[in-house]
Every structure is written in structure tokens, then in C-alpha cells.
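Results of the structural survey
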Amino acid sequence: MSRDDAMFWLKPFIARPIALMGLGILLGTLLAAIFAPWLAPYDPFAIDPSIRLTPPNALHWFGTDQFGRDTLSRAIQSARMALLIGSGVVAFALGTGVPIGVLSALFPRLGHVLMRMVDVLMAFPSLLLALGLIVILGPSVVNAILAIGLGYMTTTTRIVYGLTLRLRTETYVEASRSMGAGTAWLVGKHILPNLVSPLLVQASFVFAFAQLGAASLDFLGLGAPPEIPSWGNMLAESHTFITRAPWLLFFPGMMIVATAFSLNLVGDALRDRLDPRFRQLFGEKG
Amino acid sequence: MLSVQDLTVSLGPATAPVDVVAGVSFELAKGEILGLVGESGCGKSMTSLAVMGLLPQPGPRIRAGRVLLEGCDVTQLQPWQRVEAGHGRMAMIFQEPMTSLNPVRRIGDQIAEAVRVHDRVSGPPAMARARELLELVRMPDPAMQLSAYPHQLSGGQRQRIMIAIALACRPQVLIADEPTTALDVTIQVQVLGLLRELCNRLDMAMLFITHDMGVIAQLADRVSVMYAGRIVETAGVEALFGRPRHHYTRGLMDCMPSRNSGARRLPTIAGQPPAPGTVRAGCVFASRCAAVREPCRTAAPPRAEVSRGHEVLCTFPLDDGGPR
Amino acid sequence: MNGNAVLDIRDLKVSFKVRRSGRKYQVRAVDGVSLSLAEGEVLGIVGESGCGKTTVGRSIVGLVRPDSGTIGFKGRDMTGAGLRDMRLNIRMVFQDPYASLNPRRAIGDSVAEAGDINGFFTSRAERSAAIAAALTAVGLDPSFAARYPYELSGGQRQRAGIARTILPSPSIVIADEPVSALDVSVQAQVLNLMMDLREQLGLSMLFISHDLGVIGQISNRVAVMYMGRIVEQAATRTVLDDPRHPYTRSLVAAIPKPDPSKRILGAIETGEPPSLFKRPSGCAYAPRCPLASQRCLVEVPELRSVGDRALACHNV
Ligand SMILES: Nc1ncnc2c1ncn2[C@@H]1O[C@H](COP(=O)(O)OP(=O)(O)OP(=O)(O)O)[C@@H](O)[C@H]1O
Ligand SMILES: Nc1ncnc2c1ncn2[C@@H]1O[C@H](COP(=O)(O)OP(=O)(O)O)[C@@H](O)[C@H]1O
Ligand code: SF4
Ligand code: SF4
Ligand SMILES: [Mg+2]
Ligand SMILES: [Mg+2]
């Protein structure tokens, strides 16, 4: 990426400090996930009963849990699970929702059948759907991704379907058809490029809500296995200590909220970046 | 009746305002139709919205100038004060009749509501007046149409409804912003005829905005030609078409296809209008004017009365309008 | 019809199924249109909005499937066919310059689209040279290739839309109200451009418009449409100077003439526009026609030739 390219993507963040903050939090999470073993001040798995439930102090900034494990180290280690679940769910939801939505809109007969099925799935609350699926498939990280992803696949499909129906009748799509364009051309050159920015926003929301969904599953013991640290697991293990050791809930809870929130901020900024009409906002010609 | 003096509408920060309407002045007498003609983006709609006190907020604002309705400056009044002070007697109709009507309410109710606001009556008297208004705009079958929904009417009929709603406040001044642009010629001629007849009958003044020189010639008593936020020529309709004195007016007339049938090429005005606020000195038309001379680029052209009631904003106006 | 016709349409019928207030209707948008376009000719199609002009154009470029009728291109029948070489040979300019260019594609990519779809270019260099040539031909600087639609004015967009239809150069251009959305001064520039291109590239053109002034300027022959049918067809000057069909007469009379000494307001009666949902059984124009007779209410007038023109009317 050249300097100009970098500036291109940075501009919406510079124009809006709150988006820059979101970007910072996200980058922080990403770095934490990659460099967890080096960043964590202590071994996140090391048990030391002598320092059980110590409040935050100079040695243990986030305090320790009921086994004397360092909360900060565990929170850093958990970023890995958060990113894994988030990207898995986004990949699944978009990977299935986009093709189903686009094809349904382009081929009305197929679409009629597929969209009815999506409607049925949408009738269930997404957490209930996820729970039901986990009960059938058994708890595991992959199954958690599938279970949460299914709920967002339906909303993604709906959004893509609606947008494609509209794009399909745009004059420039008609122009392209009149010149002999086939379905692959229309999808690749006209429909997908115009879906990118709404999908980017959708992806950031899905990523954010996947964090909450994963946390809920973890909390119920149906997500990541308890021995792997995740913010949801941390909440689940320590919720009985809420009055004695509130920091055990406060810090992982904050991490969940902060990543979800910052993802939404970044998603908004990227959408504006990709919309030519917003270029004036960033002081470019046009 | 209505006197607009030096109206200036600006966008952008107060420290660096961009004038989209720059010092527009015109007078409108009782029963008179003034045509305001110009290309897209030249500031016609901004002028009419400013006169009506309907500028969108936030955004454009009146930076200078006065709008006197029977001697009272209405720019100093809030919209509700205008009605209280009896100066609510200006009404406006817009280009797209469908977007100005509520699609899920019956025509009769929508007209009656306008009657209720202005006459402070409701129920059967309001509905009776609504029916009267429909008769006034020569709607076929008015009693039946009261219970119709907008989508059941044709474009021309919808525009008649908009006119009926505008007439509900018994306006002294009607501002019509391209009310026939979306209509077919066969329907346009009916709506224009109706507007003209109403002005005569109700002694109502009308500011009629359009980009169509043909419509102007058919309808207006006097014409103001607008370019890049300024009125560059004002004259009686016969004088303007018979002997245009501004180079832009002349150019506009020359490039109309119906004046050239048979010619292999149409005369054109080269280039495009300048973006608002980009011309800092001299004449705004200089970049496209075929008769441009050195002084045009530096000194703002004077507003000169070349003959009685015929004003031109040009340093070197056309002498005779040229051969046609 | 003509032996040397590049485009020959016979008895084209197109209908749409629409729902209104819960009921299903079959709307006959085009109801038996026959047209032929000679080599190098500009044929104007004029009529009120909704009379089926656009639908005729869309049928020719294969965007709607006709119910019946044939569309012949240089003697070959191509009804409903998606044949590649015909798609390159017949191209369409659209009315709305703001909607007809993909906001996310650079102008150059839009201009080269027909070539790209049909594998016309053999190298990148050839492609960029062709784009530059097409842009130059429509009076745009080649640097416009890298710009995006939002950076262009309406007139420039329409020029780009025209550049798209001449790369590679077609035989026929269907222009659907190409100047209706433009201002008069820009309209004249674009009309001049289309006349120049027609001459340079030897195009035949179907020019759809509701503006008789524009039609009079550019076309050799005019077909007047009313409710899906052609009611009068002849050389442009014949139609404009001496309209015969009652509908054409009212259309010509209603043009707002830019001459304040010839005022028509209040002097002519044009009647209410028709509804496609309630098609009269005889002549569709009968409810508005000053000449309507008993026969008009029951019998549909066929298009027949009268002297140097074709007319569909019982009483003229
Ligand atoms: N809300 C707004 N914010 C910023 N600029 C505006 C706004 N509305 C109009 N403008 C600009 O003000 C100028 C005058 O606009 P206006 O709508 O009055 O033109 P017009 O003559 O009525 O054109 P048209 O024939 O297209 O309606 C234009 O340059 C336009 O881009
Ligand atoms: N895809 C469609 N579905 C239903 N009705 C249509 C469709 N396209 C056009 N029509 C109808 O067919 C008629 C003719 O349309 P069109 O050819 O676009 O008219 P014009 O171009 O003369 O304004 C109109 O009544 C229009 O509403
Ligand atoms: S002032 Fe000069 S540039 Fe402006 S219109 Fe007159 S002659 Fe042309
Ligand atoms: S056929 Fe009859 S109704 Fe139709 S246009 Fe002719 S005279 Fe009028
Ligand atoms: Mg306007
Ligand atoms: Mg059309």
C-alpha cells in the first residue's frame, strides 16, 4: 500500500476522532491476540491459591480470580478466542448469506423457496436458535460459530436480497444487460461492488454481536470449553463473586462492550470512505 | 404587492459565505405573472424558497436583502407570525405533485385540512370549500374526486389538486416552481391555461419558475432571466423575445430546437455555468460569452435600463437583439 | 417492409402483468407496432408518457420479452435472441444520465463495458486507446476515463453514456429520451453530438422523445404513438407542418411556442390522458377525439397508408 492509499483509508478516521478511538481499540485487540504470550505479565493458566481474589493492585492491574490467576493475562489471552469467533461468524454469515441473497433476487423462482426458508429461520430468536443447535451438535468452538452464524446468516440474506432486488432494476444494470452481460458479469461488476459498503457495515455489526452471542454461550457453558480463556468464560466462572470481586466481571465485560462498540464505529467510518458521495466530507475534490 | 430587494442567499460558514442567490431584485404587481427562467442550479428554487420563508434548515440562509409583501418585510417574521399578521397570503406549488401529497389520505381531507388552517373552519363547511376549490381548478367530477386517493389520479389532476390546496389560503401571491415540468405537453397546456385564468379571475400575482423558454413565452407578462444566482435581464415578454439584450438570453433562445427546425446544427452556448462562489470578479457569464471583452473580466457589469422596463446586467449589451 | 431496412419490426406486442388494489391486470404496453428503420435514417418516436415508447426500445435490445411479433436485424430474425454480435450492433442510450452509470465504476470501465463483456479487446493498450478515442469522439477529455460519475455534470454523464454506445461502433442506436433530463443549452450540445456521430459512424437511430421540437431537429421520419399503437407515421416535416391524425394535431398544437405573439393557452382542448387499465373497445383516442363518430367506439382503426403517410383513423 502506497502512502496515498494509506491516507485514503485513514482520512475518515482523522475526520472523526471517535472512529479513530474505535480503530485503536480494535488494533489493540488484534495485537493482544497475536502477541498474547509476550504481552501477558503472567501465565494465564498458573494457579496460586495464596493470592485468590486480590483486588486490582500494582502487581495485578486487573486483580486475580478465585484460583489466583492473573485477570489481565487471561483477558489478553481471551482476545484470541474473541477474534476467532468473530471472524468465523462473519465468514459463515456472509459466505452463505451473500450468495443466497443475490441468487434469490436474480432468480425469482429459486428465491421464492429460499426466502421462505430464511423466513422460517428468522421466526426464531437467534439465541434460541443457537442454543437449539448446540444442544443437537454438542458444545465446541466450531459449533458455536455455526450456531451463532446461522442467526446472522438470515439477516444478512434478507439485507442482500432486498438490496439486490433494487440494484437489479437500476438503469446501469439494464444497460449492461442490453449489451449482452450474463449473470456472472452483472454480479461481479455491478451488484457486488454496490453491496460492499452495506456489507462492511453488516460485517462489523455481526462481528460485534457475535462477541455478545459467544459470551452468552460461554456463560451457559455451551461455547468454548471452560479450560480455554474467553471473556464469556471469565464471566461465567466468576459471576458468583459479583459482590466480593466485581473486577472479575467488570474487566471482561468492558472488553466485550469495547470491541463490539469499536467495531461499529470502524464499520461506519469505512462505509463513509467507500461512498463516493462522502468524499467532500474528507475535503477531496468533487 | 411583492417587492424583493437585493435578496442574497448563502451557504457555508458566515466567515466565507458562498452566495447561491446574489442580489436578486424584482417586483410583482397585482394580477401579474412574472416568469423566472434559467438553467438547472442557477438559484431559481432557492429564490422562491427564500421568498416563501421555506429555506431548508440547516443550510442556506438569507444573508442580505428584503422581501416586502405589501410593504412589510416578511424575512423578519417567523412563519407563524406571517399568518398572524395576515401575511400568510403567499402559497407555493412544486414540480413533483406526488411527493407533495400524502399517498394514504383522501384528496378531500387534504384540501379540507388546508382550508381548516387558513379559514379556521372544519367539518362540512371545510369540505364544501374543498369542493368549491376543486371546481375552481376545473377538476372533472369534483364531488366524486373528494374521496379519491392521489395514486388514482393522473399527473395533471394531481397538479390541479396541488393548485387547489395552494388556493385554499386565498393567496395574493402564488409561487409556482416548475409545476408542469413532469407533465406531457398536452396536459401542460391545460395546467398553464388554468393558472393564467386563475390569476386573471382572482387578481392573483404569480411568480412562475421554469427552464422552458416556450412556456415562458406562452404564460408570462414579464420575464426575468437568471444566471449563476443573478438576474441578468428583465423585460416585458414581447420585448424579451423580440429583442433580447443580454448575450445569455440570446444564447438560450438560439439553442432551442423549435426555433431552428431544418438547421443542421444547433447553435450552442459553449461550456458550463460556473459553480456558485467561483467567480470572484467581473461578469459571471464572461467564461461563456461570445462577446466578452477585457473589462468584463475585471469590472462587475452595471445594471442598466436599456429601455422602459427593460433592464440588463451587462457592460456591452446587444444593440438590437440581432437578426433572428 | 423496406428491402434495405436494417431494423424491421412487425406486429410487436408486449404486455405486463400488474396488480392494482388487489386486482390483477394485463396491461398492453405495446399493442401491435410495426416499424422499419432504413440504413442511416433517424426515426423519431413521439407520444405521451406511458404510451409504450420505451417498451419498444427495450424489446429491441432484449430487455423485455415480447408476447408476439418479430424483430428483424438486417434480414435475420432476432426476436428474444441473445446473440452476441447483435448485442454489439444495437445499443441503447438511456434517459436518466444520473441512473445509467454505475456510481462505483470509473467512467472508462463503463465506456468499455460492451467490449469487455463480449471479449472485444485483445490487449490492455488497445482497450485504453479505444476508451480514449470514444471519449474524444463525444467531446470529453480522455482523462475522464479515470473519473467517477459523481464528478460529472448531467451533460458530461450523458456524453459518457453515448461514448458507451459507440464502443465498438454499432449499426443502430436506440436513444430513449437522451436529452430530456438536460438543460436547453446542454441539450443543444448533446443533440449536435448525436447528429455528428450519426454522420461519422453511419448509424441508424431510433430516437424516442416526447418533445416534438427535439424530434423535428434530429429525425428524418416520425412515428406518433398512442396507447401502444402507432397512429401516424410520415416524414418529419409532413407530420410537424401538416398533422392529420386528431391526436397528432393536438400534440403539435400543444407545443409551447417560444413566441409571445402566438399564444395558445385556453385556445385548445386536449382532453384527459387515458388509463391503460381501461382501454376503450374501439379507437383508443375516441374519448378525447373531437371527430369521434359511432364507428370509432366499436372498431379499432388500422394503420393504412394515405398519400405520403400512414394513418390510423376512421375519419381523416
Ligand atoms: N440544501 C442545499 N445545500 C447545499 N447546496 C444547495 C442546496 N440546495 C441547492 N443548493 C445549490 O444551490 C444552487 C441553486 O440551487 P436551486 O435548487 O435553486 O437551482 P434551480 O435553478 O432551481 O435548479 P433546478 O432547475 O435543477 O431545480 C445550486 O448550485 C445547488 O447545487
Ligand atoms: N416492467 C413493467 N411492469 C409493468 N408495467 C410496465 C413495465 N414497464 C412499462 N410498463 C407500463 O407500460 C406502459 C408503457 O411504458 P413505457 O414504454 O415506459 O412508456 P413511455 O416510455 O412512453 O413513457 C406504461 O403504462 C408503463 O407503466
Ligand atoms: S458583461 Fe461582457 S461577458 Fe458579461 S454578458 Fe456582457 S458582454 Fe458578455
Ligand atoms: S378513429 Fe375516430 S376516434 Fe379515433 S382518432 Fe380517428 S376520428 Fe378520432
Ligand atoms: Mg429547482
Ligand atoms: Mg419513457
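In this text the structure is predicted, and so the values were computed from the model without any measurement. (Residues numbered from 1 in each chain as written. Chains lettered and ligands numbered in written order. Predicted model: local features only at pLDDT ≥ 70, side-chain atom pairs only at ≥ 80, totals over all residues. Heavy atoms only, no water.)

Things to note about the overall build of chain C
Here is the rule we go by: Strands are runs of DSSP state E lasting at least two residues, helices are runs of H or I lasting at least four, and both sets are numbered from the N terminus onward. The reference for a compact globule is 2.2 Å times residues^0.38; the radius of gyration itself is calculated from the C-alpha atoms. All accessibility values rest on the Shrake-Rupley procedure with a 1.4 Å probe; residue burial counts only the protein chains present in the view.
Each helix and strand in chain C was counted, giving 11 helices and 12 strands. Against the compact-globule benchmark of 20 Å for 316 residues, chain C has a radius of gyration of 20 Å, which places it among compact chains. In terms of overall dimensions, chain C has C-alpha extents of about 70 × 50 × 45 Å along its principal axes. Summed over all atoms, the accessible surface of chain C reaches about 12,400 Å², with 50% contributed by carbon and sulfur.

Topic: the pairing of strand β4 (residues 68-73) of chain C
The line we're drawing: Whether two strands pair depends on DSSP finding at least two bridges between them.
One ladder, built from 2 bridges, connects β4(C) with strand β5 (residues 76-77) of chain C; its direction is antiparallel. Within the sheet, the bridge partner assigned to G72(C) lies in β5(C) and is D77(C).

Section: unusual backbone geometry
In this model, L167(C) is joined to P168(C) through a cis peptide bond whose omega is -15 degrees. Positioned with a positive phi, R138(B) is a non-glycine residue whose angle comes to about 55 degrees. For R138(B), the location among the structural elements is in the loop between α5 (124-136) and α6 (142-145). Positioned with a positive phi, D203(B) is a non-glycine residue whose angle comes to about 55 degrees.

Overview of the packing of aromatic side chains
Residue and element names in this part refer to chain B. Let me state the cut-off plainly: Aromatic pairs are defined between Phe, Tyr and Trp rings, using the six-membered ring for Trp, whenever the two ring centres lie within 6.5 Å; interplanar angles under 30 degrees are classed as stacked, those over 60 as edge-to-face, and all others as tilted. Exposure classes here rest on a 1.4 Å probe applied to the protein chains alone. A residue is buried below 20% of its type maximum, exposed above 50%, and partly exposed in between.
Scanning the model with the defined rule gives 10 aromatic pairs over all chains in all. Look at Y227 and Y248: their rings are 4.5 Å apart centre to centre, the planes differ by 55 degrees, and that puts the pair in the tilted class. Separated by 21 residues along the polypeptide, Y227 in strand β9 (residues 222-227) and Y248 in helix α11 (residues 247-254) bring together distant segments of the chain. Neither residue differs from the other here; Y227 and Y248 are each classed as buried.

Considerations on the nonpolar core
Defined as follows: In plain words, nonpolar cores are sets of buried Ala, Val, Leu, Ile, Met, Phe, Trp, Tyr and Cys residues tied together by side-chain atoms within 4.5 Å. Contacts are assigned to residue pairs with any non-hydrogen atoms lying within 4.5 Å of each other.
Grouped together as the largest cluster of nonpolar side chains are 133 residues, with contacts concentrated most on I163(B), M206(B), F208(B) and F207(C). If near-sequence neighbours (up to four positions away) are discounted, F208(B) is found in contact with I33(B), L34(B), G35(B), L36(B), A176(B), P179(B), T180(B), L192(B), L195(B), V215(B), I216(B) and L219(B). Membership of the second largest hydrophobic core comes to 64 residues, among which are V90(A), A210(A), M234(A) and L263(A).

Some words on the site of ligand 2
All names here are of chain C. Applied cut-off: Definition of nearness: a residue and a molecule or strand are near each other if at least one heavy atom of the residue lies within 4 Å of the molecule or strand. Whenever two N or O atoms come within 3.5 Å, that pair is a polar contact, provided that in protein one can donate a hydrogen and the other can accept it, and provided that, for residues adjacent in sequence, both atoms are side-chain atoms. Residue type decides the class: Asp, Glu, Lys and Arg count as charged, Ala, Val, Leu, Ile, Met, Phe, Trp, Tyr, Cys and Pro as nonpolar, and the leftover types, Gly among them, as polar.
Residues in contact with ligand 2, as listed here, are F16, V18, A29, E48, S49, G50, C51, G52, K53, T54, T55 and L276. At a separation of 3.3 Å, an oxygen atom of ligand 2 approaches a polar backbone atom of G52. Burial of ligand 2 by the surrounding chains reaches 65%, relative to a free accessible area of 560 Å². The set of elements that each furnish at least two residues to the shell around ligand 2 consists of β1 (5-20) and α1 (53-60). In terms of residue count, the dominant contributor to the shell around ligand 2 is α1 (3 residues). When its residues are assigned to classes, the shell around ligand 2 shows 5 nonpolar, 5 polar and 2 charged.

With respect to the pairing of strand β3 (residues 42-46) of chain C
Residues and elements named next belong to chain C. With 5 of 5 residues buried, β3 is to be regarded as a mostly interior element. Side-chain alternation along β3 places V42, G44 and V46 on one buried face and L43 and I45 on a second face that is also buried. With 5 bridges joining them, β3 and strand β8 (residues 204-209) adopt parallel strand pairing. Pairing of L43 across the sheet is with L206, part of β8.

Looking at the interface of chain C and chain B
Counted only if it meets this: Here the buried area means the combined drop in accessible surface, using a 1.4 Å probe, for two parts upon being joined, counting both sides. Each salt bridge in this description consists of a side-chain nitrogen of Lys or Arg and a carboxyl oxygen of Asp or Glu lying within 4 Å of one another.
With 40 residues of chain C at the contact, the number on the chain B side is 47 residues. Summed over both sides, the interface of chain C with chain B buries roughly 3,600 Å², with 54% coming from carbon and sulfur. When residues of chain C are sorted by the area they lose upon contact with chain B, P258(C), R263(C) and L265(C) head the list and together hold 19% of the total. Inspection of the chain C/chain B interface yields 1 salt bridge. Of the charged contacts, one joins D196(C) and R265(B) as a salt bridge, the two residues approaching to 2.6 Å between their closest N and O atoms. On the surface where chain C and chain B come into contact, there are 17 residue pairs in polar contact (both at pLDDT 80 or more). Of all the secondary-structure elements, those providing two or more residues to the side of chain C that touches chain B are α7 (184-201), α8 (212-218) and α10 (246-253) of chain C. Across the side of chain C that touches chain B, the residue classes break down as 15 nonpolar, 14 polar and 11 charged.

Some points on the sheet that holds strand β9 (residues 221-226) of chain C
Residue and element names in this part refer to chain C. Definition in use: Axis definition: a line fitted to C-alpha atoms, limited for helices to the stretch in contact. Angles are taken between N-to-C directions and run from 0 to 180 degrees.
In spatial order, the strands read β6-β7-β8-β3-β9-β10-β12-β11; together these 8 strands make up an open sheet with mixed pairing. The open sheet terminates on both sides in strands that have one partner only, identified here as β6 (90-93) and β11 (304-306). Going across the sheet, the axis of each strand differs from the next one's by a mean of 20 degrees, ignoring polarity. With 4 bridges joining them, β6 and strand β7 (residues 172-176) adopt parallel strand pairing. Residue R91 lies in a different strand from β7, and its bridge partner there is V173. α7 rests against β3, β7 and β8 of the sheet, and its axis sits at about 160 degrees to β8.

Here we look at the sheet that holds β9(B)
Residues and elements named next belong to chain B. Across the sheet, 8 strands lie side by side as β6-β7-β8-β3-β9-β10-β12-β11; this open sheet has mixed pairing. Edge positions in the sheet fall to β6 (90-93) and β11 (303-307), since each of these pairs with one other strand and no more. Each adjacent strand pair in this sheet contributes to an overall mean axis angle of 20 degrees, direction not counted. Taken together, the 2 bridges between strand β10 (residues 230-236) and strand β12 (residues 310-313) define a ladder with antiparallel strand orientation. The residue of β12 that forms the bridge with T234 is E311. Sitting on the sheet, helix α7 (residues 155-167) is in contact with β6 and β7 (173-177), with an inclination near 170 degrees to β6. Packing against the sheet, helix α8 (residues 185-202) makes contact with β3 (33-37), β6, β7 and β8 (205-210), and its axis sits at approximately 155 degrees to β8.

Side note on the site of ligand 1
All names here are of chain B. Around ligand 1, a shell composed of L11, V20, E39, S40, G41, C42, G43, K44, S45, M46, E178 and P276 is seen. S40 is positioned with one of its side-chain polar atoms (N or O) 2.8 Å from an oxygen atom of ligand 1. Per-element tally for the shell around ligand 1: the top contributor is helix α1 (residues 44-52), with 3 residues. Of the residues belonging to the shell around ligand 1, the class tally is 5 nonpolar, 4 polar and 3 charged.

Some points on the UniProt feature "transmembrane region" (unreviewed entry) in chain A
Residues and elements named next belong to chain A. Stated precisely, the cut-off is as follows: UniProt positions are given in the numbering used here, feature names are shortened, and annotations may be inferred rather than shown by experiment.
On the UniProt side, "transmembrane region" (unreviewed entry) is annotated at positions that read residues 20-40, 81-106, 118-138, 144-161, 199-225 and 245-267 here. In the segment residues 20-40, helix accounts for 90% and strand for 0%; the C-alpha atoms at its two ends are 25 Å apart. In this annotation, residues 81-106 is assigned 100% helix and 0% strand; the end-to-end C-alpha distance for the span is 37 Å.

Quick look at the arrangement of the chains
Of all 2 pairs of chains in contact, the one with the most contacts involves chains B and C. Note that chain A does not reach chain B: the shortest distance linking a C-alpha of one to a C-alpha of the other is 11 Å.

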